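Understanding the architecture of this molecule
Residues per chain, in single letters:
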Amino acid sequence: MVVAEQSKSASEVATLYTATNPVEKLCAVDDPVIIEWKGKRYATLMRGVKVEVIATNSAGGKGRVSILPEMSCFITDMPKGHAAAGFVNSAPLTMRFLSGGAVYAFKTALVRVHNQPPVFVMEYPDKLQRYNLRGSERISIVSRARISLDFSSDHRAGAVLDISVSGARIGLESLNGLSLGSKLHLSFTLPNGMAVSQLTAVVRNISEENGKYLLGVGFSGHDPAVSGFCRNCLDCLE
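Let us look at the structure shown here.

Rules of the game
Residues numbered from 1 in each chain as written. Predicted model: local features only at pLDDT ≥ 70, side-chain atom pairs only at ≥ 80, totals over all residues. Heavy atoms only, no water. Salt bridge = Lys/Arg side-chain N within 4 Å of Asp/Glu carboxyl O. Buried < 20%, exposed > 50% of the residue type's maximum accessible area, 1.4 Å probe, protein only. Helix = DSSP H or I, 4+ residues; strand = E, 2+ residues; numbered from the N terminus. Phe/Tyr/Trp six-rings, centres within 6.5 Å; stacked < 30°, edge-to-face > 60°.

With that settled, consider the pattern of salt bridges. When the charged atoms of two side chains with opposite charge come close together, those side chains can pair. With the rule as written, the count across this model stands at six salt bridges. Between Glu36 and Arg41 there is a salt bridge whose closest N-O contact spans 3.3 Å. The partly exposed category is assigned to Arg41, whose relative accessible area is 32%. Notably, a salt bridge pairs Arg47 with Asp77, separated by 2.8 Å at the nearest N-O pair. Placement of the pair is Arg47 in strand E4 (residues 40-50) and Asp77 in strand E7 (residues 73-77), with a sequence separation of 30 residues. Take Arg47: its relative accessible area is 32%, and that puts it in the partly exposed class. Within the structure, one salt-bridge network assembled from shared partners comprises Asp30, Arg47 and Asp77.

All right, on to the packing of aromatic side chains then. Working definition: an aromatic ring pair is given by the centre-to-centre distance plus the angle between the planes. For the coordinates displayed, the defined rule picks out five aromatic pairs. Here Phe74 and Phe106 contribute two aromatic rings whose centre-to-centre distance is 5.3 Å and whose plane-to-plane angle is 75 degrees, an arrangement assigned as edge-to-face. Within this pair, whereas Phe74 is found in strand E7, its partner Phe106 is found in strand E9 (residues 102-115), the two being separated by 32 residues in sequence. For Phe74, a relative accessible area of 1% translates into the label buried. Where Phe97 meets Tyr104, the ring centres are 5.3 Å apart and the plane angle is 10 degrees; that geometry is what we call stacked. Summarising the burial analysis for this pair, Phe97 and Tyr104 share the class buried. Three or more aromatic residues joined by ring pairs make a cluster, and in this case those are Trp37, Tyr42, Phe87 and Phe120.

Spatial relationships are all this shows, so hold off on functional conclusions.
Here it is, written out as C-alpha cells:
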C-alpha cells in the first residue's frame, strides 16, 4: 500500500513569473511531466520550448528582456490515449513537473497537435506555481532493502518504510555499528517496479520502537527513480 502524507499550507506555495524564471530552466528536455485534463492525469515527457522575447527599456536605460507568452509555446510528447481522452484545441490544461525537490505547476491551453512527430504544442505560461515538498510530506511504502555501511563489504537486511525525494525512514533489527552521521548505501525496489541501487544516504536520526530500530536518513542526491515515483504519488497540487 502506498500512502502520501502531506500538508497543503499556502505558505509553502510561491508564484514565479516566467519572464524572469523561464520554465525550460526548471524542466529540461526528456524530463517527465503530467498533463491534467478534465480531472485526469496523463504522463508524458517535455520535448522543448519555442520562446519569443522582446527587449524593453527600464528606468536607467538598461535593457530588459520579457517573454511573450502569446508568441511562445511549450512542447511535450503526445500522451498515450490522447484521442480517447478527448483533447481539443484551446482545451484548458494544467501541467506539473518535479524539479529540485519541488513540484511546479502552470495553466496552459492546447494550441495544436502534430502527428509527425507526435507532440502537443501548448501555450507558454506567464507564471508558475511552486509547491515545496517538506520532509514531512512522505510516501509510506514497505520494501525490503539491502544496506551497507560506507567503505564496508558487510550487508544487512532492512526495510524502507517511507520515502520522499530527499530521504527515507529505514527499519532494522539491530544497529550493528550504525550511528548518527553514518553514511550508508541502499538498494531496494520501489512499488512501481523500479530498482534503486546503491543510493547514498546519511543517518540523521535514530529511534527504537517495539524492539526495532528506525533510522531517518537523508539522501546525498536526487535519484531519478525515486523522484519519478514521488512525483506520481504526491498529490499536493490539487
